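# What the coordinates show
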Amino acid sequence: MTAPLNHSAPINVEVALGDRAYDIVIGRNVLGTLGERIAKLRPGARTAIVTDRTVAQHWLAKTEAVLDAAGVAHQRIVVGEGESSKTYAGLAEVSEALIAAKIERNDLVIALGGGVVGDLAGFAASILRRGVDFVQVPTSLLAQVDSSVGGKTGINSPQGKNLLGAFHQPVLVIADTAVLDTLSPRQFRAGYAEVAKYGALGDEAFFAWLEANHAEIVGGGPAREHAIATSCRAKAAIVARDERENGERALLNLGHTFGHALEAATGFSDRLFHGEGVAIGMVLAARFSAERGMMPEADAIRLQRHLADVGLPTRLQDIAGFAQEGLADADALLALMAQDKKVKRGRLTFILMEGIGHAVIANDVEPAPVRDFLARQLARAS
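Residues numbered from 1 in each chain as written. Predicted model: local features only at pLDDT ≥ 70, side-chain atom pairs only at ≥ 80, totals over all residues. Heavy atoms only, no water.

### Focus on unusual backbone geometry
In the Ramachandran plot, R129 falls in the positive-phi region, its phi being about 50° despite a non-glycine side chain. Looking at the element boundaries, R129 is found in the loop between α4 (115–127) and β6 (133–138). In this structure, F268 takes a positive phi of about 50° despite not being glycine. Within the secondary structure, F268 is located in the loop between α9 (256–265) and α10 (274–291). (Helix = DSSP H or I, 4+ residues; strand = E, 2+ residues; numbered from the N terminus.)

As structure tokens, then:
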């Protein structure tokens, strides 16, 4: 845990799913190996690169050059940035472009981008010709440690986040940590929330290491690779045991039930990035757990302090336009939470905490206590 990776030593983390197992390749400049890896994995396959306009400016030309060098045929599909592309219209746009590119079942879709591109391209691949394989090349910290691993793909509905999608595992993940150098500080911090999540939900020692090393992670030192690899190992192990979230994998949603509701309330806009919603959601989950007597209040304060030290929002009033209707209304937020994917027969399922490193699945949480808790949090924020 205390020995960080060396910049010069890429590491493979296997997602052990039998004959569908795949590697996550982590390290600086591993994007340069993409072409040769695809040529070996799928000899003769044609590819379509799905990316967004911002990522295309930085990394599309290099990706195409790497594919050219390995003799891998490719076409490009460029979409708009942000959650606005993760819609019915965005799915139609990408799907039609893949059909026009004549991508067949033995070909590959390459998702070059952050979580939005990975979710959108992966979902389009899952339904194209009833299933085409795809490769994840995540270009954000959040995507490298979370959304690119585990096969969750999908789009948003106006009624909630990720309500339409499919489990569709990639065949390869290339997590080049050098591409993170082009992220804005806010984008990087948003991804860090998902790194902290792994410590908070199941590894107190890793959380303590993050508290001591977050400055080097943000600064781009070797601790960054170590944090990403540790996060990927944690997620890969859980996915291998519970691929379709019938049990343990739900723990990975720590902070997400609250966070997704806040994202929906802000219109899936840049007022609140996904990772920022998760950060606030984790703090709310910890405080709700503490109020229920499940965890020490000191642990909830510790979690909030660490996220704030990194520069993440941790309070409702940290959200831009907090006082707008729908965000500062407990009943409206509860209604959005009721659309969460983890709702079963109308009952809310929460990921709560018994302490740092000890998350638990809480089934059948009654809505009334949640509504009262939100009302108290909103009253403190006003």
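### Notes on the pairing of strand β2 (residues 22–27)
Within β2, five of the six residues are buried, leaving the element largely enclosed by the surrounding structure. Bridge count between strand β1 (residues 11–15) and β2: five bridges; the pairing is antiparallel. Bridged to E14 within β2 is D23. Hairpin remark: β1 followed by β2, antiparallel, with six residues in the connecting loop; positive phi at G18, about 65°. (Buried < 20%, exposed > 50% of the residue type's maximum accessible area, 1.4 Å probe, protein only. Pairing = 2+ DSSP bridges.)

### Examining the pattern of salt bridges
All chains considered together, the criterion is met by 22 salt bridges. Two residues, D181 and R28, come together in a salt bridge whose shortest N-O distance is 2.8 Å. Of the two residues, D181 sits in the loop between β9 (172–176) and α6 (185–202) while R28 sits in the loop between β2 and α1 (34–41), which places them 153 residues apart along the sequence. We note a salt bridge from K197 to E194, for which the minimum N-O separation is 2.7 Å. Highlighted residues: K197 and E194, both in helix α6, separated by three residues, approximately one helical turn. (Salt bridge = Lys/Arg side-chain N within 4 Å of Asp/Glu carboxyl O.)

### Topic: the packing of aromatic side chains
Scanning the model with the defined rule gives five aromatic pairs in all. When the centroid spacing of 5.4 Å and the interplanar angle of 45° are considered together, the rings of F258 and F350 count as tilted. Within this pair, whereas F258 is found in helix α9, its partner F350 is found in strand β10 (residues 348–355), the two being separated by 92 residues in sequence. Here the two residues F258 and F350 agree in accessibility, since each one is buried. (Phe/Tyr/Trp six-rings, centres within 6.5 Å; stacked < 30°, edge-to-face > 60°.)

### So, the sheet that holds strand β3 (residues 47–52)
Taking strand neighbours across the sheet as the criterion, the seven strands line up as β1-β2-β9-β6-β5-β3-β4 in an open arrangement whose pairing is mixed. Edge strands, defined here as strands with exactly one partner in the open sheet, are β1 and β4 (74–79). With direction set aside, neighbouring strand axes in the sheet form an average angle of 20°. In the sheet, β6 pairs with β9 via two bridges, with the strands oriented parallel. Pairing of V135 across the sheet is with L172, part of β9. Its contacts with the sheet put α4 on β3, β5 (108–113) and β6, and the angle it makes with β5 is roughly 165°. (Axes fitted to C-alpha atoms, helices over the stretch in contact; angles between N-to-C directions. Contact = heavy atoms within 4.5 Å.)

### So, the side chain of R249
Relative to the elements of secondary structure, R249 occurs in the loop between α8 (222–241) and α9. As a buried residue without a salt bridge, R249 has its nearest oppositely charged side chain in E245, at a separation of 4.5 Å. R249 has contacts with V149, G150, G151, K152, F167, K235, I238, V239, D242 and E243, leaving out every residue within four places of it along the chain. (Lys, Arg positive; Asp, Glu negative; His and termini not counted.)

### Section: α4
A rise of 1.5 Å per residue sets the reference length of α4, with its 13 residues, at 18 Å; its end C-alpha atoms lie 18 Å apart and thus fit the reference within 8%. Judged by how many residues are buried, α4 sits mostly within the fold: twelve of 13 residues are covered. Listed as buried for α4 are G115, V116, V117, G118, D119, L120, A121, G122, F123, A124, A125 and S126. Downstream of α4 by one or two residues, R129 has phi in the positive range, about 50°. (Expected span 1.5 Å × (residues − 1).)

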